[in-house]
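Listed below are the residues making up each chain.
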Amino acid sequence: MENRLIFEGMTYYIETYGCQMNEHDSEKIAGIFEEMGITAAVEKAQADIVFFNTCCVRENAELKLYGNIGAMKNIKRKRPDMIIGVCGCMMQEDGTAVKLSKTFPFVDIVFGTNSMQDIPSMIYSAKVLKQKTVIEKRPFGNIIEDIPVKRNQPPLSYVSIMQGCNNFCSYCIVPYVRGRERSREPEDILREIRGLSCSGYKEVMLLGQNVNSYGSSTGTGFPELLERIASETGIERIRFMTSHPKDISPDLLRVMASHDNICKQLHFPVQSGSDRILELMNRRSTVARYRELVRSARELMPGCSVSTDLIVGFPGETDEDFERTMELVEDIRFDAAYMFVYSPRMGTRAAQMPDQIADDVKKQRITRLVNRQNDIVYENNLKKIGSKERILVEGISKRSQGEVSGRTDDGRMTNFAGTSDMIGSFINVRITGAKRSTLTGKIIED
Ligand code: SAM
Ligand code: SF4
């Protein structure tokens with residue numbers, strides 16, 4: 001890049017909010033910076049460029065963001081050349097980009113989820129021309145291939161297979177801020193994963209808002225794509241998220257069962273145990289169908305872990321509806337669950353619905369749900385004691401010295417005595433203990 005010299009010596013820091021998609025977008029933003037010759041800073045306050053990659057799925061992420069941007073005012077006063085950018089989903093909401101740049105006039109760059117390719121020119125404008133850039137909601141175009149990606153060190157990597165969502169669940173802002181569903185071409189995905197495998201990555205997490213509807217534009221469905229990734233790329237472990245229950249097919253379960261390198265882990269959000277609420281949520285699936293899917297997944301793949309997302313306090317949710325959710329949790333015994341209090345999002349259908357639930361009721365329900373579900377995770381973990389597991393070592397354990405940590409095939413974080421040279425290797429371990437959210441183990445011979 002000809003402008004490389006202008007940016008030489010500059011450093012960047014990216015603060016990411018929200019889901020894995022946002023984390024992966026931040027890897028792309030970092031890739032663009034690195035290609036410009038800008039390197040990563042260790043600390044936010046010392047960086048020359050600070051970007052906030054935002055989330056708007058729930059209100060609490062937004063509130064946290066405003067506090068953290070506000071805190072930059074004093075830093076920018078001391079370091080006026082610092083460039084501050086705010087990007088991502090929240091900036092894609094109607095009117096938000098302009099409102100944010102008025103509220104925080106010291107912010108230099110504001111843009112949404114589909115203007116990443118303009119980062120070099122926006123940084124140039126801020127640094128050289130001392131001009132602000134505020135890009136308001138732009139129409140969503142095709143997926144841009146070949147944006148450089150700066151990933152974490154091996155062994156784990158994210159690969160996005162599609163963008164956007166067509167489902168319009170009544171509570172969810174995603175279709176409005178990420179646009180309609182667009183799938184990448186299978187050959188582009190396969191090429192990227194082959195490259196990752198050659199560069200020492202052992203595991204890919206395939207990302208999409210609803211991976212099971214992958215391919216409406218490419219002619220290759222998700223089961224076929226998964227089969228090709230498993231057999232043609234040399235990657236040793238494959239996970240994927242998220243699966244919408246309405247689109248999971250027997251074909252998908254068959255492909256999962258027939259390849260050892262596809263992890264036996266299904267993340268498919270049910271959201272509620274009440275059909276009445278599922279209908280109001282526009283999930284287009286039923287609790288009976290969900291139970292049946294879990295049954296057939298477990299029958300085909302004994303030991304397959306099942307995780308979910310649950311929302312409590314959706315408008316109109318009665319005590320009776322909530323009890324159905326508690327019953328489902330009890331029956332399915334999820335291996336993990338992300339549990340949320342319903343958060344009204346402006347512009348979504350649910351935000352206009354009658355019978356919004358009082359905060360104290362939401363709080364009582366979420367506390368009861370989280371407590372019971374956490375106990376179930378612990379009970380499930382206890383059952384793993386004595387089992388032999390193949391762990392992909394991800395890093396040094398954060399909790400205890402002299403230990404490394406990594407995941408079992410079914411996604412459980414496990415700690416055991418080991419050294420940093422094991423990072424990126426598969427190690428066989430006997431599970432010797434269980435904590436509330438992790439396992440402990442000992443290395444065994446094959
Ligand atoms: N596409 C995925 C699916 O449909 O399963 C989920 C993506 S969404 C970003 C992640 C989770 O956030 C959802 O499964 C839902 O449980 C939760 N969520 C989305 N909108 C929400 C809202 N308005 N209030 C509370 N939780 C919400
Ligand atoms: Fe949101 Fe539903 Fe799409 Fe998931 S499937 S991103 S919850 S609209």
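Here, every reference points to the structure presented above.
Conventions we followed
- Residues numbered from 1 in each chain as written.
- Chains lettered and ligands numbered in written order.
- Predicted model: local features only at pLDDT ≥ 70, side-chain atom pairs only at ≥ 80, totals over all residues.
- Heavy atoms only, no water.
- Near = heavy atom within 4 Å.
- Polar contact = N/O pair within 3.5 Å; in protein donor to acceptor, adjacent residues only side chain to side chain.
- Areas by Shrake-Rupley, 256 points an atom, 1.4 Å probe, with all protein chains shown as cover.
- Salt bridge = Lys/Arg side-chain N within 4 Å of Asp/Glu carboxyl O.
- Helix = DSSP H or I, 4+ residues; strand = E, 2+ residues; numbered from the N terminus.
- Buried < 20%, exposed > 50% of the residue type's maximum accessible area, 1.4 Å probe, protein only.
- Core = buried A, V, L, I, M, F, W, Y, C linked by side-chain atoms within 4.5 Å.
- Contact = heavy atoms within 4.5 Å.
- Phe/Tyr/Trp six-rings, centres within 6.5 Å; stacked < 30°, edge-to-face > 60°.
- Lys NZ or Arg CZ within 6 Å of the ring centre and 35° of its normal.
- Expected span 1.5 Å × (residues − 1).
- Arc of directions from axis to C-beta.
- Pairing = 2+ DSSP bridges.
- Axes fitted to C-alpha atoms, helices over the stretch in contact; angles between N-to-C directions.
- 1 Å grid on protein atoms, 1.4 Å probe; cavity = no way out; pocket = protein on both sides within 12 Å on 5 of 7 lines; lining within 4 Å.
- Sits in = over half its atoms within 2 Å of the grid points.
- Nonpolar A, V, L, I, M, F, W, Y, C, P; charged D, E, K, R; others polar.
- Parallel < 35°, antiparallel > 145°, perpendicular 65-115°, else oblique.
- Left-handed = near helix turned anticlockwise from the far one by under 90°.
- Patch = residues over 30% accessible without salt bridge, like charges linked within 9 Å, V, L, I, M, F, W, Y side chains within 5 Å.

(A) A look at the site of ligand 1. Taken together, 15 residues sit near ligand 1, with Gln-209, Pro-269, Gln-271, Asp-309 and Ser-343 positioned nearest. A distance of 2.6 Å separates a nitrogen atom of ligand 1 from a polar backbone atom of Gln-209. Within the contact set of ligand 1, a nitrogen atom lies 2.8 Å away from a backbone nitrogen or oxygen of Ser-343. Compared with its free state, where it exposes 560 Å², ligand 1 has 91% of that area covered by protein.

(B) A look at the pattern of salt bridges. Applying the stated criterion across every chain, the model contains 36 salt bridges. Residue Glu-203 is joined to Arg-237 by a salt bridge in which the shortest nitrogen-to-oxygen separation is 3.7 Å. Of this pair, Glu-203 sits in strand S10 (residues 203–207) while Arg-237 is found in strand S11 (residues 237–241), placing the two residues 34 residues apart along the sequence. Per residue, the accessibility class of Glu-203 equals that of Arg-237, and both read buried. Between Glu-323 and Arg-368 there is a salt bridge whose closest N-O contact spans 2.9 Å. With Glu-323 in helix H13 (residues 319–332) and Arg-368 in helix H14 (residues 359–383), this pair connects stretches of sequence that are 45 residues apart. Its relative accessible area of 40% is what places Arg-368 among the partly exposed residues. Each of Asp-335, Lys-384, Glu-389, Asp-410 and Arg-412 takes part in a single network of salt bridges with overlapping partners.

(C) Examining the nonpolar core more closely. Residues Leu-206, Phe-222, Leu-226 and Phe-240 are the most contacted members of the largest nonpolar core, which totals 63 residues. Every residue in contact with Leu-226, bar those within four places of it in the chain, is listed here: Leu-206, Ile-238, Phe-240, Leu-252, Val-255, Met-256 and Ile-262. Among the nonpolar cores identified, the runner-up in size contains 25 residues, and Ala-41, Val-50, Cys-56 and Ile-173 belong to it.

(D) How the structure looks around the environment of Glu-59. Among the structural elements, Glu-59 can be located in helix H3 (residues 59–70). Here the alpha-carbon distance between Glu-59 and Pro-344, two residues 285 residues apart in the chain, equals 7.8 Å.

(E) A look at the packing of aromatic side chains. Per the stated rule, a full pass over the model turns up eleven aromatic pairs. Seen in terms of ring centroids, Phe-168 and Tyr-176 are 5.4 Å apart; in terms of plane orientation they differ by 80°. Their pairing is edge-to-face. When its relative accessible area of 27% is taken as the criterion, Phe-168 is described as partly exposed. A connected cluster of aromatic rings, assembled from ring pairs, spans Tyr-12, Phe-33, Phe-51 and Phe-111. In this structure, Arg-58 is placed above the aromatic ring of Phe-340, and the distance from its NZ or CZ to the ring centre is 3.7 Å.

(F) Just H3, in detail. Across its twelve residues, H3 extends 17 Å between first and last C-alpha, which sits within 8% of the 16 Å expected from 1.5 Å per residue. Restricting attention to buried positions, one finds in H3 the residues Ala-61, Glu-62, Leu-65 and Ile-69. Taken end-on, H3 shows its buried residues confined to a sector of 100°, consistent with a single buried face. With respect to the buried face of H3, the exposed residues turned more than 90 degrees away are Asn-60, Leu-63 and Lys-64.

(G) Expanded view of the side chain of Asn-210. Its place among the elements puts Asn-210 in the loop between S10 and helix H9 (222–232). You can call Asn-210 buried: its relative accessible area is 1%. Among the polar contacts made by the side chain of Asn-210, one reaches the main-chain amide nitrogen of His-244 at a distance of 3.3 Å. Not counting residues within four places of it along the chain, the set of residues in contact with Asn-210 comprises Met-162, Asn-167, Thr-242, Ser-243, His-244, Lys-246 and Asp-247.

(H) Representation of the sheet that holds strand S19 (residues 439–443) within the structure. Strand order in the closed barrel formed by five strands is S15-S16-S17-S19-S18, and the pairing between neighbours is mixed. On average, each strand axis in the sheet is inclined to that of its neighbour by 55°, with strand direction left out of account. Pairing of strand S15 (residues 388–396) with strand S18 (residues 426–434), which is carried by five bridges, proceeds in the antiparallel orientation. Across the sheet, residue Ile-391 finds its bridge partner in S18, namely Ile-427.

(I) Just the site of ligand 2, in detail. Around ligand 2, the neighbouring residues are Cys-165, Asn-167, Phe-168, Cys-169, Tyr-171, Cys-172, Val-174, Pro-175, Gln-209, His-244 and Arg-283. Judged by the fraction of its atoms near the pocket grid, ligand 2 is located in the second largest pocket. The residue makeup of the shell around ligand 2, split by class, is seven nonpolar, three polar and one charged.

(J) Local environment of the environment of Leu-300. Of note, Leu-300 is situated in helix H12 (residues 287–300). The exposure class of Leu-300 is partly exposed, given its relative accessible area of 46%. As a C-alpha pair, Leu-300 and Cys-165 span 135 residues in sequence and 29 Å in three-dimensional space.

(K) Structural view of the packing of helix H10 (residues 250–258) against H12. Their axes nearest at 10 Å, the elements H10 and H12 cross at an angle of 25°. Here H10 lies roughly parallel to H12, going by the angle between them. The two elements H10 and H12 meet at a crossing, and its hand is right-handed. Of H12, the residues touching H10 (which contributes Leu-253, Arg-254 and Ala-257) are Leu-293, Ser-296, Ala-297 and Leu-300. Residue composition of the contact of H10 with H12, by class: five nonpolar, one polar and one charged.

(L) A nonpolar patch on the surface, seen in detail. The grouping of Ile-6, Val-128 and Leu-129 at the surface amounts to a nonpolar patch, some 210 Å² of accessible area in total. Of note, Leu-129 is situated in the loop between helix H6 (119–127) and strand S6 (133–134).

(M) Broad picture of the sheet that holds strand S1 (residues 11–16). Strand order in this open sheet of six strands is S2-S1-S3-S4-S5-S6, and the pairing throughout is parallel. Each edge of the open sheet carries a strand with a single partner, namely strand S2 (39–40) and S6. The sheet contact formed by strand S4 (residues 83–88) and strand S5 (residues 109–110) spans two bridges and is parallel. Within S5, the residue paired with Val-86 across the bridge is Val-110. The strands touched by helix H2 (residues 20–35) within the sheet are S1, S2, strand S3 (49–54) and S4, with S1 carrying the most contacts at an inclination of about 170°.

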